[in-house]
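Chains, contacts and geometry: an overview
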Amino acid sequence: MNVWRPPHCADTAALAKTIAQRCQHATPVHNGWQASCPAHEDDRPALSITPTADRVLLRCHAGCTTPDIVTALGMSMADLFVWSHAR
Ligand SMILES: [Zn+2]
């Protein structure tokens, strides 16, 4: 699996869009993005990509866990967070 690091994003909305573009069939919805889940055979978009204040939520309606999804994208859990200040 190729490792992919998302580019640094200034806010969660930008990060959600970047993640959505990694998935098939991404479409914008009222609170974020809907896309095909990369962690299972998904012929209709089951994945919700929702920006919140400090992180992006990934939720698969078929029941894949967030670690499953980030692994399928080649990301790590930490990549879902946008840090507004240097740690
Ligand atoms: Zn899934």
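Scroll up for the structure.
Things to note about the overall build of the protein
Within the protein, the secondary structure is distributed over two helices and four strands. N-terminal to C-terminal, the α/β element order of the protein is α-β-β-β-β-α. When contacts within the protein are restricted to residue pairs at least 6 apart in sequence, those whose partners lie at least 24 apart make up 42%.

Some details on the sheet that holds strand β3 (residues 47–51)
Strand order across the open sheet formed by four strands is β1-β2-β3-β4, with antiparallel pairing between neighbours. The open sheet is flanked by β1 (27–29) and β4 (56–60), the only strands paired with a single partner. Mean inter-strand twist for the sheet, computed between neighbouring axes without regard to direction, equals 25°. Looking at chain direction, β1 and strand β2 (residues 32–35) are connected through three bridges and run antiparallel. The partner of Thr27 across the bridge, within β2, is Gln34. Against the sheet, helix α1 (residues 12–22) engages β2, β3 and β4, with an angle of about 160° to β3.

Comments concerning the pairing of β2
What sits between the antiparallel neighbours β1 and β2 is a turn of two residues. Inspection of the sheet shows β2 paired to β3 by three bridges, in the antiparallel sense. Across the sheet, Ala35 pairs through a bridge with Leu47, a residue of β3.

Observations regarding the pairing of β3
Going residue by residue along β3, you find Leu47, Ile49 and Pro51 tucked away on one face and Ser48 and Thr50 left uncovered on the opposite face. Here β3 hands over to β4 after four residues, the two strands then running antiparallel side by side.

Conventions and cut-offs
- Residues numbered from 1 in each chain as written.
- Predicted model: local features only at pLDDT ≥ 70, side-chain atom pairs only at ≥ 80, totals over all residues.
- Helix = DSSP H or I, 4+ residues; strand = E, 2+ residues; numbered from the N terminus.
- Contact = placed C-beta atoms within 7 Å.
- Pairing = 2+ DSSP bridges.
- Axes fitted to C-alpha atoms, helices over the stretch in contact; angles between N-to-C directions.
- Buried ≥ 20, exposed ≤ 12 C-beta atoms within 10 Å, placed from the backbone.

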